[in-house]
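Each chain, letter by letter, is given below.
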Amino acid sequence: MTLSHDVAGDGPAVVLLHSGVCDRRMWDAQWTDLVDAGYRPVRCDFRGFGRSPVPDRPYSNADDVLDLLDTLGIERAALVASSSGGRVALEIAARRPERVSALALLCSALPGHEVSAGLRAIGAREDELLEAGDVAGAVELMVDTWVGPAGGPDVREAVRGMQRRAFDVQLAALEEFEPIRAEFDLAAVTAPCLAVSGAHDVTDFREIAAGVPGLLADARHVELPWAGHLPSLERPAAVTELLVGFLRGTVPAAGR
């Protein structure tokens, strides 16, 4: 199965991987600017999100993304990833380092991270609401948890719509398949990495981002003082400027 996706522009490929509360629409604000900066953005919906159907067998998000790149004839790409999409990006960069030119991780998850009691409590409350049939309540919990103070009503509504879509699609599935968790060594990552955290995010993700330079060979950490968990939605222009600056320093577009 080929993931539902969009592709535009010319130049070096930049693959945008969404968070677990959103889908590929979370990158709307960055899309045109990346094209204008001379890049070829690609964005996809993971299985069970947006327009990609739920999995009907065990699957790997990383393999799905690699298969999409093969389908598009893209041998090497920069990966820009949000939250749980960051774990997928790290797996690709570790397992297939020759395929990844750069990594930008926005409030990324990390394999092997010991989840805090606070984050476990949020997950448990989400499960309770869904098991009780209160999908709207679960959506509001996710919006309240993951949209920071810089995200206004429009941002909250956008996240609300994407999260509701994911819940509706996934809850309608006859069977539930978790993604395969492959083993990989982060020491194999060779791509330069920008790890971004938000000062208003859950502590887990702030700690992960701050620790990335100690895990990867070429990485730096930036904390955004205004950001929550979804900075690319909360202040899109500021994040686009940060991303384009990083990309120009690592995988410059021709003539730029």
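Residues numbered from 1 in each chain as written. Predicted model: local features only at pLDDT ≥ 70, side-chain atom pairs only at ≥ 80, totals over all residues. Heavy atoms only, no water.

**Student:** What's the story with the packing of helix α2 (residues 61-72) against helix α3 (residues 84-95) in this structure? I'm lost.
**Tutor:** Pairs of packed helices are described in terms of their axes, by the angle between the two and the distance that separates them. In the contact formed by α2 and α3, the axes pass within 9 Å of each other and the chain directions differ by 70°. What the angle tells us is that α2 and α3 run roughly perpendicular. Here α2 runs over α3; the crossing is right-handed. Note on element contacts: α3 touches α2 through V88, E91, I92 and R95, opposite N61, A62, D63, V65 and L66. Classifying every residue of the contact of α2 with α3 by side-chain character gives five nonpolar, one polar and three charged. (Axes fitted to C-alpha atoms, helices over the stretch in contact; angles between N-to-C directions. Helix = DSSP H or I, 4+ residues; strand = E, 2+ residues; numbered from the N terminus. Parallel < 35°, antiparallel > 145°, perpendicular 65-115°, else oblique. Left-handed = near helix turned anticlockwise from the far one by under 90°. Contact = heavy atoms within 4.5 Å. Nonpolar A, V, L, I, M, F, W, Y, C, P; charged D, E, K, R; others polar.)

**Student:** Mind showing me how you'd approach the sheet that holds strand β4 (residues 77-82) here?
**Tutor:** Each strand in a sheet pairs with its neighbour through backbone hydrogen bonds, running either in the same direction (parallel) or in the opposite one (antiparallel). With mixed pairing, seven strands are arranged side by side in an open sheet as β1-β3-β2-β4-β5-β6-β7. Two strands close off the open sheet at either side, each with one partner strand: β1 (5-7) and β7 (219-224). The average undirected angle you get between the axes of adjacent strands in this sheet is 15°. Where β1 meets strand β3 (residues 40-44), three bridges bridge the pair, whose relative direction is antiparallel. The partner of V7 across the bridge, within β3, is V42. Along the sheet, α2 contacts β1, β2 (13-17) and β3; its crossing angle with β3, the most-contacted strand, is approximately 135°. Contacting β6 (193-198) and β7, helix α7 (residues 203-211) crosses the sheet at an angle of about 155° to β6. (Pairing = 2+ DSSP bridges.)

Purely spatial values, then, with no claim about function.
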